[in-house]
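# Structural overview for review
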Amino acid sequence: MRQVTGPVSKQAWSPDKLRQQFPILQREVGGRPLHYLDNAATTFSPRCVQDAVAHYENHSRSNVQRGMHQLGIEATDAFEAARGSVARYLNAASCDEVIFTSGTTFGVNLAAHCLGQSLQSGDEIVVSQAEHHSNFVPWQQLCQHYGVRMRLIPVLANGSLDLSGLDQVITERCRVVAVSQISNVTGSITDLQTITRQARRHGALVFVDGAQAAPHGPLDVQALDADFYAFSGHKCYGPTGIGALWIRSPVLASLPPFLTGGGMIERVDIQGTRYASGYRRFEAGTPPVAQAIGLGAALDWLMTLPWRGIRAHEQALSRQLLAGLSQVGGLTLLGEAAAQDRAPIFSFDIEACHSHDICQILDGYGVALRGGHHCAQPLMQALGLVATSRASIAVFNTDADIAALLCGLHDAVETLR
Ligand code: PLP
């Protein structure tokens, strides 16, 4: 079992130095500087990530875990080194707990599918009403397929989770609790400790959707006391089409495979197949090698950032944004009111202004926002909303991005009313 080790030296940091590492930030939109505030959907890659992918493509491109030649060995080394980077970033106990996936959605589907076979009638699965559809629909389908009851952790008026009746929702019937660590709509930070404690009381497994938490600095899955942790590379400054699912070793060892085929077997006979152990059992077929190497590079890069300084910077931008939004008449902000109590993801509804119109007008200012239901329709239904506008901040954003957003927003509201 390979252990997770490796020293990390921090890079000297300033917003300008950091921005220079992102080639895409040089571009303009409609003749204006780009102000990209849709990072919760997908963020950009620094040059070192692009270089790592290009190096594999131009130097070592070949298949992994089967090549007997030099290129195959180099590709496998780079691929497995990337797994080590994921394990370090998550503080997993071992690389063997890390499965490469295509992203969070795949991770949820894998877990739901593999857990389904052990469910019995009378069992319950608990999710929150604020989940992204990726962490909602697979569980809903599972419940419908196996005749199991799905129960919901409700939300407060601001969209944050209401844990006041948790002991009524997570009971002795509960087998799995699936929640996101940070909401992609409200930016609310889930009190995972309270949820895992209640789940453990009844022996339920805990699945954490880390899609919005993973971009905000190295994690410690062991301290979270969860069983599954899923995230996506493209929200963590890495390539698209790649992500990872961490599963605590004893749980991983107990699960049947999800997809079957090459690469996930120990031995295949005409009579039957013996599956490989560890993460290999869940990685059937040729994996997305270049993307995994890019993800490893992105997480290595994230581990070099001085997170205390980055968080202070993100909070300063959050305060600037919150102050500006509070000046807009008829605006309702979801999530916590104070910058220090939330992640830098801000959804808001403005009376008499549809979010699609707001986003379209802001695009004319070079400001990229997200508008819509954010793949969280159960949450929208609970809040009596159809859509919101959302700004989400990444490490490379500056006060100029927030100023451009606020300026465009005032003009948009004046135009639309
Ligand atoms: N979960 C959350 C909280 C998300 O924000 C997202 C994407 O926005 C997902 C899951 C799905 O991620 P992906 O599309 O990368 O699988």
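Rules used throughout
Within each chain, residue numbers correspond to sequence positions counted from 1 in written order. It should be noted that, the model being predicted, local features are given only for residues of pLDDT at least 70 and side-chain atom pairs only at 80 or more, the latter also being counted only at that level, while totals for whole chains, interfaces and linings use all residues. Hydrogen atoms and water are omitted, and side-chain values are computed over all heavy atoms in the structure. An automatic or database domain assignment supplies the start and end points of every domain. When checking whether two residues touch, look at their non-hydrogen atoms; a contact exists if any pair is within 4.5 Å. Joining two parts hides part of their accessible area as seen by a 1.4 Å probe, and the buried area is that hidden amount summed over both. Salt bridges, as used here, are contacts in which a Lys or Arg side-chain nitrogen is within 4 Å of a carboxyl oxygen on Asp or Glu. In protein, a polar contact requires one atom able to donate a hydrogen and another able to accept it; more generally it is a pair of N or O atoms within 3.5 Å, and residues adjacent in sequence count only if both atoms are side-chain atoms. Working definition: helices are DSSP H or I runs of at least four residues, strands are E runs of at least two. Numbering for both runs from the N terminus. Exposure categories follow from relative accessible area, calculated using a 1.4 Å probe and restricted to protein chains: below 20% of the type maximum is buried, above 50% is exposed, and the middle band is partly exposed. One heavy atom within 4 Å of a molecule or strand makes the whole residue count as near it. A 1.4 Å probe and the Shrake-Rupley method give the accessible areas. Residues count as covered only by the protein chains that appear here. Lys, Arg, Asp and Glu make up the charged group, whereas Ala, Val, Leu, Ile, Met, Phe, Trp, Tyr, Cys and Pro make up the nonpolar group; the residues left over, Gly among them, are polar. A pair of strands counts as paired when DSSP detects no fewer than two bridges linking them.

What follows covers the domain arrangement of the chain. Along its sequence, the chain is carved into domain 1 (15–40 + 307–416) and domain 2 (52–303). The distance between the C-alpha centroids of domain 1 and domain 2 comes to 28 Å. On the side of domain 2, 29 residues touch domain 1, which itself brings 32 residues to the contact. Here domain 1 packs against domain 2, burying approximately 2300 Å² in sum over the two surfaces, 58% of which is carbon and sulfur. Contact with domain 2 buries area across many residues of domain 1, yet Trp307, Pro378 and Leu379 alone supply 24% of it, more than any other trio. Summed over the shared surface of domain 1 and domain 2, the number is zero salt bridges. Put simply, domain 1 and domain 2 have 18 residue pairs in polar contact (both at pLDDT 80 or more) between them. Of all the elements in the fold, those that place two or more residues in the side of domain 1 that touches domain 2 are helix 11 (307–325), strand 14 (345–350) and helix 13 (377–383).

Attention now moves to the side chain of Ser60. Tracing the backbone shows Ser60 in helix 2 (residues 47–60). Accessibility expressed as a relative area gives 6% for Ser60, which makes it buried. Polar side-chain contacts of Ser60 include one of 2.9 Å to the side chain of Glu74. Each residue touching Ser60, except ones within four places of it in the same chain, is listed here: His55, Leu71, Glu74 and Ala75.

We now examine the site of the ligand. Every residue close to the ligand is listed here: Gly103, Thr104, Thr105, His132, Ser134, Asn184, Asp209, Ala211, Gln212, Ser232, His234 and Lys235. Taking Thr104, its main chain carries an N or O atom lying 3.4 Å from an oxygen atom of the ligand. Considering the ligand on its own, with 390 Å² of exposed area, one finds that the protein chains cover 85% of that surface. Across the shell around the ligand, the residue classes tally to one nonpolar, nine polar and two charged.

To continue, consider the pairing of strand 4 (residues 98–101). Because side chains alternate across strand 4, one face comprises the buried residues Val98 and Phe100, and the other comprises Ile99 and Thr101, equally buried. With four bridges connecting them, strand 4 and strand 10 (residues 243–247) associate as antiparallel partners. Its bridge partner lying in strand 10, Ile99 is registered against Leu245.

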